[in-house]
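Topology and contacts: notes
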There are 2 protein chains.
Amino acid sequence: MAVYTQVSAERIAALLADYDVGTLVSAKGIAEGVENSNYLVETSKDRFILTLYEKRVDADDLPFFLTLLDHLAERGQPVPPAIADRNGRQIQQVEGRPACLIAFLPGVSPGEPNPAQSCAAGAALGALHGALEDFTHARPNTLSLPGWHDLAKRCGDHLDDIAPGLGGTIAEELAFLDAHWPSDLPRSAIHADLFPDNVLMLGNQVTGIIDFYFACTEIRAYDLAVTHAAWCFGDNGTGFDAERSEALIEGYESAHELSSAEAAAMPVLARGAALRFLLTRAWDWLNTPADALVTRKDPGAFLRRLEFYRAADPEIFLP
Amino acid sequence: MAVYTQVSAERIAALLADYDVGTLVSAKGIAEGVENSNYLVETSKDRFILTLYEKRVDADDLPFFLTLLDHLAERGQPVPPAIADRNGRQIQQVEGRPACLIAFLPGVSPGEPNPAQSCAAGAALGALHGALEDFTHARPNTLSLPGWHDLAKRCGDHLDDIAPGLGGTIAEELAFLDAHWPSDLPRSAIHADLFPDNVLMLGNQVTGIIDFYFACTEIRAYDLAVTHAAWCFGDNGTGFDAERSEALIEGYESAHELSSAEAAAMPVLARGAALRFLLTRAWDWLNTPADALVTRKDPGAFLRRLEFYRAADPEIFLP
């Protein structure tokens, strides 16, 4: 969460001249999202986010993300599409990086979501899935079960430096998921990273769903499992929040009903979701210097979620 | 340039409730200014900057800075005053840090100022000095000649790790300044850090002067010397820019004339200004891990300015 690439006001003004969006009034580098550089740009007409894609986003994936956003925006979903310049181009080159000028959406991300906000987030995810039923583009999920194996292997013995026994727990969980991961559930494009950070709200209303840079083709109900792991636990060790959980599932089902097979798979999918973030956080933990300005997110938060899901009553996923 | 302290939307909304500024619509952490945490906050009524003061700003100095900003804003200077809450308080506590809600000013900082922008910046500095003539509060400058000696001593032999011979050059320069630093020039509150980063412009008009957190009581013409060192050199090794220099001095004198004693002292003051930034950058260089996300600013840029000023024709400072 920092600005990796500095872009001068002159460069931003020159970029805006290719668009029909007014002239530059203000530009502030913002600390937001995955590892991209973002500027909040105000023009004489409107506000925008200028995103420069750093190494974590593969430029070859950008057309998929932008097509997805256009598809959703056309269907009235609260997502920020990339603006096209006068020549119809959405992707530019700025300071040697692919870059997009993106619609600005109002709203703030809840720090500790209340049940009404969790319900709204669930409903927004359900509506998103509904709007994606006729979306035909595909992008493989590099962070699926084989990817988790690969990450665990690359972390190797260092996992135990994070917490004693962590390597063993992860190996055991991978074996469980190999045996139980569902293979016949409906698949679609999913957000795959719908943390509260990526939902903008005014009060209890969702005004924006952002940061689609992990979007991929995956078991659709896995998206709900990720969202469950992301929303239904107090960040400060307060653990599982049954009220948020119930509200999230209810909200989702109000917009997009789970099949009985999907509902039955939720406990396994949730374990997979917890493991996915445990592994990527563990990897980042082991590969981020302790004194770097990016805050290393605690892998332990997702180890505790995984442990919760291993012991949880499957009923928590029923509306 | 990063957000050091995370503030939740809930905390920002609660803070705004103490003010008569509308309700929270958007909040983005912005990468700006000295080592503070800044949020660009939009409400239903207006936009603001929420600044949390991190360790580099001494909380005891805040009343001086805020009084200075109020004084300047009352006199029509384009500075962003801190907003008072319903109880008249400008300084709050947010996440354990002193914090202020500050007026938002439009405009962007020029990356490579043109002569017209340099002229406008000079005129804005002159107008600032004019408006400060009746300002009576004082704050000592910790980065004056004794402070430079102290910094050089603390950097010690490591200076030569930055550039061979740098320690010797600095010792020599300190001896020169000890012998020639003026003692009888007019003093006043000064900005002391008026880099292009700290000037907001729309086209060639100054719309904001920001980041007063080095403001102090000092030889007034030293502020022009700092601004000269900050504005009149191409950043990419292109060296001294005579056009910008001429424009800056002309602009300044159009708003606030230098006395002949001040004009005569400019070559020495400019050497001091170059040394000040050379030393603080050298210190930061030696004390910032190479892989930290804050970009270490190149001390060499100010070594080259110092070398330029040592050899420069004093006439460059005459309008």
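Residues numbered from 1 in each chain as written. Chains lettered and ligands numbered in written order. Predicted model: local features only at pLDDT ≥ 70, side-chain atom pairs only at ≥ 80, totals over all residues. Heavy atoms only, no water.

1. Structural notes on the overall build of chain A
- Within chain A, the secondary structure is distributed over 10 helices and 11 strands.
- The C-alpha atoms of chain A give a radius of gyration of 20 Å, which matches the 20 Å a tight globule of 319 residues would have.
- With 319 residues in all, chain A has 56% of them scored as buried.
- In chain A, of all internal contacts separated by at least 6 residues, the share reaching a separation of at least 24 is 72%.
- When the accessible surface of chain A is totalled, it reaches about 13,000 Å², and 50% of it is carbon and sulfur.
- Chain A carries 24 positive and 45 negative side-chain charges, and their two centres are separated by 5 Å. (Helix = DSSP H or I, 4+ residues; strand = E, 2+ residues; numbered from the N terminus. Rg over C-alpha atoms; globule rule 2.2 N^0.38 Å. Buried < 20%, exposed > 50% of the residue type's maximum accessible area, 1.4 Å probe, protein only. Contact = heavy atoms within 4.5 Å. Areas by Shrake-Rupley, 256 points an atom, 1.4 Å probe, with all protein chains shown as cover. Lys, Arg positive; Asp, Glu negative; His and termini not counted. Charge placed at Lys NZ, Arg CZ, Asp CG, Glu CD.)

2. Comments concerning the relation of the copies chain B and chain A
- Screw-axis analysis of chain B against chain A gives a translation of 0.0 Å along the axis, an RMSD of 0.0 Å, and a rotation angle of 180°. Within this description, the copies of the chain are treated as partners about a two-fold rotation axis. For chain B, the smallest separation between a C-alpha atom and the rotation axis is recorded for Ile30(B), amounting to 2.1 Å.
- Here 100% of the contact residues of chain B are again contact residues in chain A; the copies associate through an equivalent surface. (Least-squares fit on C-alpha atoms with pLDDT ≥ 70 in both.)

3. Observations regarding the interface of chain B and chain A
- On the chain A side, the residues contacting the 34 residues of chain B number 34 residues.
- Summing the contributions of chain B and of chain A, the shared interface buries around 2,600 Å²; its carbon and sulfur component is 60%.
- On inspection of chain B and its partner chain A, the count reaches two salt bridges.
- Among the salt bridges present, the one from Arg47(A) reaches Glu42(B), with a minimum N-O distance of 2.1 Å.
- On the surface where chain B and chain A come into contact, there are 10 residue pairs in polar contact (both at pLDDT 80 or more).
- At the level of secondary structure, the elements contributing two or more residues to the side of chain B that touches chain A comprise α1 (9-16), β1 (24-30), β2 (37-43) and β7 (199-202) of chain B.
- In terms of residues, the side of chain B that touches chain A owes the most to one element, β1(B), which gives seven residues.
- Here the residues of the side of chain B that touches chain A are counted per class, giving 20 nonpolar, seven polar and seven charged. (Buried area = accessible area lost by both parts, 1.4 Å probe. Salt bridge = Lys/Arg side-chain N within 4 Å of Asp/Glu carboxyl O. Polar contact = N/O pair within 3.5 Å; in protein donor to acceptor, adjacent residues only side chain to side chain. Nonpolar A, V, L, I, M, F, W, Y, C, P; charged D, E, K, R; others polar.)

4. Quick notes on the pattern of salt bridges
- Enumeration according to the criterion identifies 36 salt bridges over all chains in this entry.
- Between Arg75(B) and Asp134(B) there is a salt bridge, with the nearest N and O atoms lying 2.9 Å from each other. Here Arg75(B), found in the loop between α2 (62-74) and β4 (92-94), pairs with Asp134(B), found in the loop between α3 (115-131) and α4 (145-155); they are 59 residues apart in sequence, far enough to count as distant.
- Look at the salt bridges and you will find they share partners, linking Glu172(A), Glu173(A), Arg271(A) and Arg310(A) into a network.

5. Details of helix α6 (residues 166-180) of chain B
Residues and elements named next belong to chain B.
- Under the 1.5 Å per step criterion, the end-to-end length of α6 is 21 Å for 15 residues, consistent within 8% with the ideal 21 Å.
- For α6, every residue scored as buried is listed here: Leu166, Ile170, Glu173, Leu174 and Leu177. In a view along the axis of α6, the buried residues occupy a sector of 105°, so they form one face of it. Facing away from the buried side of α6, by more than 90 degrees, are the exposed residues Glu172 and Ala179.
- For α6, the secondary structure elements touched by its buried residues are α4, α5 (159-162), α9 (260-287) and α10 (300-311). (Expected span 1.5 Å × (residues − 1). Arc of directions from axis to C-beta.)

6. A look at the side chain of Glu262(A)
- By secondary structure assignment, the location of Glu262(A) is in helix α9 (residues 260-287).
- Excluding residues that lie within four positions of it along the chain, Glu262(A) makes contacts with Leu185(A), Pro186(A), Arg220(A), Ala221(A) and Glu257(A).

7. What to know about the environment of Leu202(A)
- Note that Leu202(A) resides in strand β7 (residues 199-202).
- On the basis of relative accessible area, Leu202(A) is assigned to the partly exposed category, the value being 31%.
- Residues Leu202(A) and Val108(A), 94 residues apart in the sequence, show an inter-C-alpha distance of 6.6 Å.
- Not counting residues up to four positions away in its chain, the partners in contact with Leu202(A) are Gly107(A), Thr207(A), Leu24(B) and Val25(B).

8. Digging into the packing of helix α7 (residues 220-231) of chain B against helix α8 (residues 242-255) of chain B
All names here are of chain B.
- It is the contact of α7 with α8, at a shortest axis distance of 10 Å, that shows an interaxial angle of 150°. In terms of their interaxial angle, α7 and α8 are classed as roughly antiparallel. Helix-helix and strand crossings are classified by hand; for α7 and α8 the assignment is right-handed. Contacts between α7 and α8 involve Arg220, Leu224, Thr227, His228 and Trp231 from the former and Arg244, Ser245, Leu248, Ile249 and Tyr252 from the latter.
- Its residues assigned to classes, the contact of α7 with α8 shows five nonpolar, three polar and two charged. (Axes fitted to C-alpha atoms, helices over the stretch in contact; angles between N-to-C directions. Parallel < 35°, antiparallel > 145°, perpendicular 65-115°, else oblique. Left-handed = near helix turned anticlockwise from the far one by under 90°.)

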